[in-house]
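Spelled out from the first residue to the last, the chains are:
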Amino acid sequence: MTSMRTPSGSAEPVIELRGLRKRFGAVTALSGLDLTVPRGATYGLLGPNGAGKTTTIRMLLRIFEPDAGEIRLFGSPITQAALDRIGYLPEERGLYRRMRVARLLTFLAELKGVPPRESAPRIRAWLERLGLADRAEARLQELSKGNQQKIQFIGAVLHEPELVILDEPFSGLDVINQQVLKEIVLDLKRQGRTILFCTHMIEQAEKTCDHVCILARGEKVVDGRISEVRRRHGGTYVALRLDRWTPEASARLKALPMVAGLREEGSDVEVSLRPGSDAQELLRAVVAAGLHLKRFEEVEPSLEQIFLDRVGEEAAASWRQEREVAHV
Amino acid sequence: MSRTWAVVKREFTEMIRTKAFVIGTVLGPAFMVGLIALQVLMAKTGAGERTIAIVDATEAGLGSRVSALLAPARASGEGEAGAAGSRGDGDVARSRFEVELHPLGDRDREALRAELLARVEAKELDGILWIPSGVAAGEGVLYEGRNATNIAELERVRGAVQVAVQGARLSAAGIDPARVGEALRPIAFDARKVGGRAASGTPMALVMLTYMLGLVVYMVVILYGQAVLRGVLEEKRDRIVEVVASSIRADQLLVGKVVGIGAAGLLQVSIWIAFAAFALTRGELIAARFGGTLPELPAVPASLGGVFLFFFLAGFFLYASIFSAMGAIATSDQEAQQLQFPVIMLLVVAISMMMPVLNDPSGTIAVVGSIIPFTAPIVMPMRAAITEIPLVELAGSVVIVTLTALGVLWVSAKIYRIGILATGKRPSAAEVWRWIRTA
């Protein structure tokens, strides 16, 4: 963290969206989105499926035209030159399956304006780094799914883009390759590149990103630097772990007068307090209620908690379910 | 522009690396060589030596007349056989007949038949011709033989019997058959095409060339147009298009695709034409090796090349654009099959115009066919090969085809832009119309 550049430096923001709207027939995908991604940020675009994340990205990349609103990339309206400075890993992965790896990567680089003579050494280096050096002449369809995904990732960064857009980059990768990819992303970040993460895995984004924007049903719920988002959200939150979790213990916790809400994950519980209450009050009440504690800590609200507070129990629960399904 | 070029290069190189392209390129000329060789060989080997027995039951000795007409040694019979209507197709070699005559007389018919059939079985004879005594009165003639399915040979035999019988009937009526033969002698008839420029060569070769031109355009449009459709469908189905579309505009991608695949088609046709040109200049040598000759080549104006190239490319662009839009609308191979059906019907209409255009290259069908932009790419090169097209007509057709191709490309690009990212169910016609309006 110490070596990180200041994300909101004097430079122009990399992405600026003003009043972005998009409808598909009767469905409103996005209703007036404002968003600013500062240079050098690792920015998480979060939200449940159908929140408008992919639509937003597609409009950034000129794949869709917005119905209304303004898009500025690197300080000016979208141009071919601006698009060349962006690398994109779409959620829906796909490559020409019959092409050979090196030829495909050469083509993808050329689409971004990098001539074959320049891309050739880069392709070799990337394949080397991801352990695919011996597959340069293989056809895509001969590679495993995970390796195909690595090739697609190389295709997204081969032209050394200033802005890297990664839509659900870790889905479909095994744990080892997830780790490899995480390290590469960290490297990109150290090189000062701006990274836009698009994901519905909110806990993961919370760990990786310094900025977030949470979308729900085509509208922005909250955005900004994570620390600021938490501070602005306010409230008092306590993370506690019960010695032994039972439904009965959970019910007793919920019944305490200073408790506004509970977010449970096994025996880990995040408690939000009613305004005016403080953590000491809760600690006393918990002990008095005869519950045994293994951990008790006053914390900043998690992003999920913030989402829950803003959007409501129902939407948060369905999002949680979605993530659990994705995990399986 | 450089991005479109990258797409052109990819489509072209990937296309010419496919097995289908390599096989098609090699098989095209092989097919042409085979066609020539086959004709020469057929002309040589189709004819054979036939030995037949004629069993003559007539009093008048009709059998010897028939024998004289069939046997090549007696040249005097040739004219009369021609007069009787046997085809005078001189360039196809004809079978040679050896005839052994068996006047039936008092011999036992069944015994003779058994004996002759045994010889047919032993392949000493090819067949037996039975001429009954009442043949002049209408009694049926029978041929039994191993070659009884060879229509050309049967026709020769039938013709000879007919001439002999007709001669006998004429004689019986007191008319000299030789004088009738003289009166019925065929006239010399030759066909030469005229029409603005001096024509040379055999009409048949010109017809062949014209037909080939039409077919080449048709084949390339179908094969490579469908390759465009499959390419679009692949990008869509395999979700490739999102990466590409994030780098270049949909219309650039579409144009790059059509140009790249079209270039591969043009390369293939060029190889075919180069090979054909080589084969035609050396054709005599090749044919001579097989012991045959080629028909005299038609002289065609140099402008034909330009007309062909323009309509070939315009036709390809026109149809490939439609095919690409169909690929963008379809979400599966089956849907693509259904959607391309009307497009192929348009081409079939053009193909069905080929014969009328050949018969009357300046007629109504030919003129209408070269105004309709969807048939002009096939009709125009054909007309240009066989007749002089008025400059106004040619220019008009060029303008109409060009404008239509551009218009179709424009509409297709709009459908493409939205269609390539639309997945799930196939859009309705109303939805496609909205894409065109809003894209």
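Residues numbered from 1 in each chain as written. Chains lettered and ligands numbered in written order. Predicted model: local features only at pLDDT ≥ 70, side-chain atom pairs only at ≥ 80, totals over all residues.

Peer 1: Quick rundown of the domain arrangement of chain A? Include the residues and the values.
Peer 2: Residues and elements named next belong to chain A. For chain A, the assigned domains are domain 1 (15-230) and domain 2 (231-327). Distance from the C-alpha centre of domain 1 to the C-alpha centre of domain 2: 34 Å. The partner domain 2 presents 17 residues to the 15 residues of domain 1 that form the contact. Residue assignment for the side of domain 1 that touches domain 2 shows that the elements contributing at least two residues are α7 (202-208), β8 (211-216), β9 (219-225) and α8 (226-233). Its residues assigned to classes, the side of domain 1 that touches domain 2 comprises 9 nonpolar, 3 polar and 3 charged. (Domains from an automatic or database assignment. Contact = placed C-beta atoms within 7 Å. Helix = DSSP H or I, 4+ residues; strand = E, 2+ residues; numbered from the N terminus. Nonpolar A, V, L, I, M, F, W, Y, C, P; charged D, E, K, R; others polar.)

Peer 1: Could you give an account of the nonpolar core, naming the residues involved and the relevant values?
Peer 2: Nonpolar side chains in soluble globular proteins generally cluster together in the buried interior. Among the nonpolar cores identified, the biggest contains 149 residues, and A:Ile165 and A:Ile214 are the most heavily contacted of them. In terms of residue count, the dominant contributor to this core is helix α12 (residues 303-329) of chain B (16 residues). Setting aside residues no more than four positions away along its own chain, A:Ile165 makes contact with A:Ile57, A:Ile86, A:Gly87, A:Tyr88, A:Leu89, A:Leu196 and A:Cys198. In terms of nonpolar packing, the next biggest core, distinct from the first, is built from 23 residues, B:Val55, B:Ile128, B:Ile131 and B:Ala160 among them. (Core = buried A, V, L, I, M, F, W, Y, C linked by C-beta atoms within 7 Å. Buried ≥ 20, exposed ≤ 12 C-beta atoms within 10 Å, placed from the backbone.)

Peer 1: Describe in detail the pairing of strand β1 (residues 49-56) of chain B, supporting the description with residues and values.
Peer 2: Residues and elements named next belong to chain B. Taken across its 8 residues, β1 has 6 buried, putting it largely inside the fold. In terms of strand pairing, β1 meets strand β2 (residues 96-103) through 8 bridges, oriented parallel. Bridge pairing in β2 places Ile54 opposite Leu101. As paired strands, β1 and strand β3 (residues 127-131) are joined by 5 bridges and run parallel to one another. Residue Asp56 lies in a different strand from β3, and its bridge partner there is Ile131. (Pairing = 2+ DSSP bridges.)

Peer 1: So what's going on with the interface of chain B and chain A? Residues and values would help.
Peer 2: Of the residues lining the interface, 16 residues belong to chain B; the matching set on chain A comes to 19 residues. Within the residue set of the side of chain B that touches chain A, elements represented by two or more residues are α1 (2-16) and α9 (241-245) of chain B. The element that contributes the greatest number of residues to the side of chain B that touches chain A is α1(B), accounting for 5 residues. Classifying every residue of the side of chain B that touches chain A by side-chain character gives 7 nonpolar, 3 polar and 6 charged.

Peer 1: So, the pairing of strand β5 (residues 86-89) of chain A: which residues are in play, and what are the values?
Peer 2: In summary, the side chains of a regular strand alternate between the two faces of the sheet. Residues and elements named next belong to chain A. Residues of β5 alternate between two faces, with Ile86 and Tyr88 on one and Gly87 and Leu89 on the opposite face, all of them buried. Relative to strand β6 (residues 163-167), β5 runs parallel, the two sharing 4 bridges. Paired with Gly87 across the bridge in β6 is Val164.

Peer 1: Can you tell me about the confidence of the model for chain B, naming the residues and giving the values?
Peer 2: Residue and element names in this part refer to chain B. Looking at chain B, the pLDDT average stands at 80 and 82% of residues meet or exceed 70. Across chain B, the secondary-structure element scoring lowest on mean pLDDT is helix α4 (residues 76-83), at 40, and the one scoring highest is α1, at 91. Long-range and interchain partners of residues 74-92, a stretch whose pLDDT sits below 50, account for 28 contacts in this model, where long-range means more than four residues apart. Across residues 196-200 the pLDDT falls below 50, and counting only partners more than four positions away or on other chains, this stretch makes 9 contacts in the model. Listed scores for the predicted complex are pTM 0.73 and ipTM 0.77. (pLDDT = per-residue confidence, 0-100.)

Peer 1: How would you summarise helix α5 (residues 145-157) of chain A if you had to cite specific residues and measurements?
Peer 2: Compared with the 18 Å implied by 1.5 Å per residue over 13 residues, the 19 Å span of α5(A) between its first and last C-alpha is a close match. Regarding α5(A), the residues found buried are A:Gln149, A:Lys150, A:Ile151, A:Gln152, A:Phe153, A:Ile154, A:Gly155, A:Ala156 and A:Val157. Among the structural elements, β5, α3 (101-111), α4 (116-129), β6 and α6 (175-190) of chain A together with α9 of chain B are those in contact with the buried residues of α5(A). (Expected span 1.5 Å × (residues − 1).)

Peer 1: Describe the sheet that holds strand β13 (residues 293-299) of chain A, listing the residues and the values that go with them.
Peer 2: All names here are of chain A. The strand order β11-β12-β10-β13 describes an open sheet built from 4 strands, whose pairing is antiparallel. The outermost strands of the open sheet, each flanked by one partner alone, are β11 (259-265) and β13. Strand after strand, the sheet turns through a mean of 20° between neighbouring axes, direction not considered. As judged from the 6 bridges shared by β11 and strand β12 (residues 268-273), these two strands associate in the antiparallel manner. The partner of Val259 across the bridge, within β12, is Leu273. Sheet strands in contact with helix α9 (residues 247-255) are β10 (237-242), β11 and β12, and its direction is about 155° off that of β11. Here helix α11 (residues 303-311) sits on the sheet and contacts β10, β11 and β12; the angle it forms with β11, its principal contact strand, is near 130°. (Axes fitted to C-alpha atoms, helices over the stretch in contact; angles between N-to-C directions.)

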